[in-house]
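# Understanding the architecture of this molecule
One letter stands for each residue in the lines below.
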Amino acid sequence: MSLFHASLYLSLLLCLAGLGWRVWGWLTARAGTLTSPWARLLSLPGALFRFIRRPSRPAASIGSLVYRVLFQIHILRRSPVRWAMHFSIFTGFLGLTLMHAMDGVLTRELFPGYESTLDPYQFLRNLFGAFVLLGLAIASLRRLFQARLKRTTSLQDWLFLLLVFLIIGSGFVLEASKIMSQDVYQ
């Protein structure tokens, strides 16, 4: 098993564990009307069936997915700066996942002739990395200068921002070192 596959399986396992944790929190925190979390869990198939059975609901749900998840309009209405932060990080990571993390699996299939070191793909990777860095900068500045966020920001928040910055920054440093090396550049 290669390092890539080990990392992929580990990240998928962590994703599933986090998803399970969130679902368990949802089941236990809002179970006020039902007798137990298990009753809430057992009510899900019926709710999904009622959702699928109505023809108008899937279209509304797809619209809600685009409106709320992809474009995050509900955040834009509350705070344009917060929206810029969320949207920059979201679109940056989405683009980096497509153009960098999945380049051997998905991107080469979608874009014939794809080479990560040639433009426009290299430019897009840099652009998506810059989006993430912009979002991190906004997040850091908000935590430094907004009094409410100053009080609630923990060390864990700063460590997370630092970790993401190091991951994205290391990509820029690697590219810069490759450009400086004539042999690697050629």
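Below or above, wherever it landed, is the structure these notes cover. Everything numeric here is computed off the predicted structure, so don't read it as measured data.

Tallying secondary structure elements over the chain gives ten helices and zero strands in all. From first element to last, N terminus to C terminus, the chain shows the α and β order α-α-α-α-α-α-α-α-α-α. For the chain, the proportion of its 186 residues judged to be buried stands at 18%. If you sum the accessible surface of the chain, you get close to 13800 Å²; carbon and sulfur atoms cover 71% of it.

We now examine helix H9 (residues 155–180). Here H9 is 26 residues long and its end C-alpha atoms lie 36 Å apart, about the 38 Å a rise of 1.5 Å per residue gives. Taken as a whole, H9 has its buried residues at Leu161, Val164, Ile168, Gly169 and Glu175. In the core, the buried residues of H9 are packed alongside helix H5 (80–101) and helix H7 (121–145).

In this section: the packing of H7 against H9. Direction vectors running N to C along H7 and H9 enclose 155°, while the axes themselves pass 10 Å from each other. Comparing the axis directions of H7 and H9 gives the class roughly antiparallel. Between H7 and H9 the crossing geometry is left-handed. Every residue of H9 that contacts H7 at Gln122, Asn126, Gly129, Ala130, Val132, Leu133, Leu136, Ala139, Ser140, Arg143 and Leu144 is listed here: Asp157, Trp158, Leu161, Val164, Phe165, Ile168, Phe172 and Glu175.

Once that is clear, we can look at the layout of surface pockets. Approximately 810 Å³ is the volume attributed to the largest pocket. Forming the boundary of the largest pocket are 22 residues, of which His100, Arg125, Gly171, Leu174 and Glu175 lie nearest the centre. Elements with a minimum of two residues in the lining of the largest pocket: H5, H7, H9 and helix H10 (182–185). In terms of residue count, H9 provides more of the lining of the largest pocket than any other element does, nine residues in total. Along the lines of polarity and charge, the residues of the lining of the largest pocket split into ten nonpolar, nine polar and three charged. Considering only enclosed or pocket space, the second largest pocket measures out at about 390 Å³ in volume.

The next thing to look at is the nonpolar core. Ranked by internal contacts, the top residues of the largest apolar core, which has 13 residues, are Leu96, Met99, Val132, Leu136, Val164 and Ile168. Taken together, the elements giving at least two residues each to this core come down to H5, H7 and H9. Beyond its immediate sequence surroundings of up to four residues, isoleucine 168 is in contact with Phe93, Leu96, Gly129, Val132 and Leu133.

What counts and how
Residues numbered from 1 in each chain as written. Predicted model: local features only at pLDDT ≥ 70, side-chain atom pairs only at ≥ 80, totals over all residues. Heavy atoms only, no water. Helix = DSSP H or I, 4+ residues; strand = E, 2+ residues; numbered from the N terminus. Buried < 20%, exposed > 50% of the residue type's maximum accessible area, 1.4 Å probe, protein only. Areas by Shrake-Rupley, 256 points an atom, 1.4 Å probe, with all protein chains shown as cover. Expected span 1.5 Å × (residues − 1). Contact = heavy atoms within 4.5 Å. Axes fitted to C-alpha atoms, helices over the stretch in contact; angles between N-to-C directions. Parallel < 35°, antiparallel > 145°, perpendicular 65-115°, else oblique. Left-handed = near helix turned anticlockwise from the far one by under 90°. 1 Å grid on protein atoms, 1.4 Å probe; cavity = no way out; pocket = protein on both sides within 12 Å on 5 of 7 lines; lining within 4 Å. Points joined across faces, edges and corners; volume = space filled by probe spheres on them. Nonpolar A, V, L, I, M, F, W, Y, C, P; charged D, E, K, R; others polar. Core = buried A, V, L, I, M, F, W, Y, C linked by side-chain atoms within 4.5 Å.

Function cannot be read off these values alone, since they describe shape.
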